[in-house]
Amino acid sequence: MNKVLVIAAHADDEALGCAGTIAKHIDNGDIVELIVMTDGVSARPEHITNEITVRNEMLKASSKTLGISKIHQFNFPDNQMDSIPLLSVVQAIESVIGYYQPNVIYTHCAQDLNIDHQLTHRAVMTACRPQPNCPVKQILCFEVKSGTDWQPSSQAQFTPNWFIDISEYWQIKSQTLVDYNKEMMPWPHARSIDAVKALAQSRGSQVGVELAEAFYLERCICL
Ligand SMILES: [Zn+2]
């Protein structure tokens, strides 16, 4: 049995990036916990607090659809994680890894336009530095529509080397996107359900399956 930890900057990144893979892990008897880095609690103007409440309700609904065992929600500010010392972000992630002892981690790829996605990747890699007794044996990085695909062409691009067939799990993934309906946009926006499905079809066709999620294998330690 794997103990999987998904580390997402925002509520919805886990659904966009790897909902099919999460569903597959749970179907295989693995345990999956989720960290959402931003906007757990907030001392902000009321209209923003209301938006956060709605988003957190969508997070709960989506996690229930997938069967995620536990959500750890941190309070880093949305789209302002660069205003926080990286050490604080690393320590927050380390606290969950220390208690949960995951062996598999999914998080953002480094090649992403969104600053919170970039910093989450960086903090995860720091928190998971391979010291003796580090429980994490595999780190896989996902792509997020409207973040990874908006990476400027002049910058390094996401080049997946790990594909997971989610053909049997598309229905669950699409339900999680419906759960996040207020975060989704109409086609042809990059963050539309049709665009997410088109990406899954494209990734699938790269490896000869109907639908796939694609990852970059950042590290694997085989024992
Ligand atoms: Zn995000």
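So, a few notes on the structure that sits alongside this text. (Residues numbered from 1 in each chain as written. Predicted model: local features only at pLDDT ≥ 70, side-chain atom pairs only at ≥ 80, totals over all residues. Heavy atoms only, no water.)

Some words on the coordination of the zinc ion
Here's step 1: In the first shell of the zinc ion, the protein supplies H10 (ND1), D13 (OD), D13 (OD) and H117 (NE2), at 2.0 to 2.3 Å from the metal.
Here's step 2: With four donor atoms in place around the zinc ion and angles of 57 to 139 degrees between them, the coordination shape is irregular. (Donors = N, O, S within 2.8 Å, 3.2 Å for Na, K, Ca; no water. Tetrahedral: all angles 85-135°; square planar, octahedral: opposite > 155°, others 65-115°.)

Some details on helix α3 (residues 86-100)
Here's step 1: With 15 residues, α3 extends 21 Å from end C-alpha to end C-alpha; this agrees with the ideal 21 Å at 1.5 Å per step.
Here's step 2: For α3, every residue scored as buried is listed here: V89, V90, A92, I93, V96, I97 and Y100. Here the buried residues of α3 occupy an arc of 160 degrees about the axis, which is enough to place them on one side.
Here's step 3: In the stretch just after α3, Q101 is the one whose phi turns positive, near 55 degrees. (Helix = DSSP H or I, 4+ residues; strand = E, 2+ residues; numbered from the N terminus. Expected span 1.5 Å × (residues − 1). Buried < 20%, exposed > 50% of the residue type's maximum accessible area, 1.4 Å probe, protein only. Arc of directions from axis to C-beta.)

A short note on the side chain of T120
Here's step 1: With respect to the helices and strands, T120 occurs in helix α4 (residues 115-127).
Here's step 2: T120 has contacts with I7, A9, M37, M81, T107 and H108, leaving out every residue within four places of it along the chain. (Contact = heavy atoms within 4.5 Å.)

Section: the environment of M125
Here's step 1: With respect to the secondary-structure elements, M125 resides in helix α4.
Here's step 2: The buried category is assigned to M125, whose relative accessible area is 19%.
Here's step 3: Separated by 40 residues in the primary sequence, M125 and D165 have C-alpha atoms spaced 25 Å apart.
Here's step 4: Beyond its immediate chain neighbours, meaning those up to four positions away, M125 contacts I139, E218 and R219.

Topic: unusual backbone geometry
Here's step 1: At the junction of W187 and P188, the peptide bond is cis and its omega measures out at 10 degrees in the coordinates.
Here's step 2: Structurally, the position occupied by P188 is in the loop between α5 (170-179) and α6 (193-207).

A closer look at the nonpolar core
Here's step 1: Ranked by internal contacts, the top residues of the largest apolar core, which has 33 residues, are V6 and Y106.
Here's step 2: Only β1 (3-8), α1 (13-27), β2 (31-38), α2 (46-66), β4 (104-108), β5 (138-142), α5 and α6 provide two or more residues apiece to this core.
Here's step 3: Among the elements that line this core, the one with the most residues is α1, at six residues.
Here's step 4: Setting aside chain neighbours within four positions, we find V6 in contact with E14, C18, I22, V32, E33, L34, I35, Y106 and F142.
Here's step 5: A92, I93, C128 and A214 belong to the second-largest nonpolar core, a separate cluster that totals 28 residues. (Core = buried A, V, L, I, M, F, W, Y, C linked by side-chain atoms within 4.5 Å.)

Focus on the pattern of salt bridges
It is possible for side chains bearing opposite charge to pair when their charged atoms get close.
Here's step 1: Under the definition given, this model contains eight salt bridges.
Here's step 2: A salt bridge links D12 to R55; its shortest N-O distance comes to 3.6 Å. Of this pair, D12 sits in the loop between β1 and α1 while R55 sits in helix α2, and the two are 43 residues apart along the sequence. Both residues of the pair, D12 and R55, belong to the buried class. (Salt bridge = Lys/Arg side-chain N within 4 Å of Asp/Glu carboxyl O.)

Concerning the packing of α2 against α5
Here's step 1: In the contact formed by α2 and α5, the axes pass within 8 Å of each other and the chain directions differ by 165 degrees. What the angle tells us is that α2 and α5 run roughly antiparallel. Remark: the crossing between α2 and α5 carries right-handed chirality. Contacts between α2 and α5 pair M58, A61, S62, T65 and L66 from the former with I172, Q175, T176 and D179 from the latter.
Here's step 2: Of the residues assigned to the contact of α2 with α5, the class counts are four nonpolar, four polar and one charged. (Axes fitted to C-alpha atoms, helices over the stretch in contact; angles between N-to-C directions. Parallel < 35°, antiparallel > 145°, perpendicular 65-115°, else oblique. Left-handed = near helix turned anticlockwise from the far one by under 90°. Nonpolar A, V, L, I, M, F, W, Y, C, P; charged D, E, K, R; others polar.)

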